[in-house]
Amino acid sequence: MEKTEIAPPVYRIVVPGLLRAKGRPRFGNGRTFTDAKTVQAEKHIQRHAIEQIGKPCLTGPLHVSLAIQIAPPPSWSRKKTASALAGGILPTSRPDIDNQMKTAADALNGIAWKDDAQIVDATLSRRYGPESVTVIEVRSL
């Protein structure tokens, strides 16, 4: 009899809008704190995560996939927009994708996982699409 392995569940979180990059730490009154816009962005991610997957708070090593879709600017011509949507133009502007990943990783601490240090594999991508949305997928390894 063959032993069949059960694939771990994949938790999928869809976050509408542009994903903000993690802001630089701020200093004041002898302490370090996160800027208000970053805190607001993290709460936005947390709200959608809890609505969609609850709080599985996974343990052990994890794989995270972050797929960011950005709507082309409305000022672009139809031809340029069509090219971007077809993959002919790629988004190479700021914010940096690694800083966007940091925002998502920090936001999901205590929700999708205990600590973002558990992420041992990550797949990041950023492309143009019909609307701005971020899809985060998490699975145990």
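Structure shown above.
In this text the structure is predicted, and so the values were computed from the model without any measurement.

**Brief notes about the packing of helix H1 (residues 36-53) against helix H3 (residues 97-107)**
1) Next: The N-to-C vectors of H1 and H3 enclose an angle of 60°; their axes lie 9 Å apart at closest approach. It follows from the interaxial angle that H1 and H3 lie oblique. You can see that H1 and H3 cross each other, and the crossing is right-handed. Between H1 and H3, the residues in contact are Ala41, Glu42, Ile45 and Gln46 and Thr103, Ala104, Asp106 and Ala107, respectively.
2) Next: By residue class, the composition of the contact of H1 with H3 is four nonpolar, two polar and two charged.

**Section: H3**
1) Next: Within the span of H3, buried status applies to Gln100, Met101, Thr103, Ala104, Ala105, Asp106 and Ala107.
2) Next: In this structure, the buried residues of H3 make contact with H1, strand S4 (62-70), strand S5 (119-128) and strand S6 (133-140).

Conventions we followed
- Residues numbered from 1 in each chain as written.
- Predicted model: local features only at pLDDT ≥ 70, side-chain atom pairs only at ≥ 80, totals over all residues.
- Heavy atoms only, no water.
- Axes fitted to C-alpha atoms, helices over the stretch in contact; angles between N-to-C directions.
- Helix = DSSP H or I, 4+ residues; strand = E, 2+ residues; numbered from the N terminus.
- Parallel < 35°, antiparallel > 145°, perpendicular 65-115°, else oblique.
- Left-handed = near helix turned anticlockwise from the far one by under 90°.
- Contact = heavy atoms within 4.5 Å.
- Nonpolar A, V, L, I, M, F, W, Y, C, P; charged D, E, K, R; others polar.
- Buried < 20%, exposed > 50% of the residue type's maximum accessible area, 1.4 Å probe, protein only.

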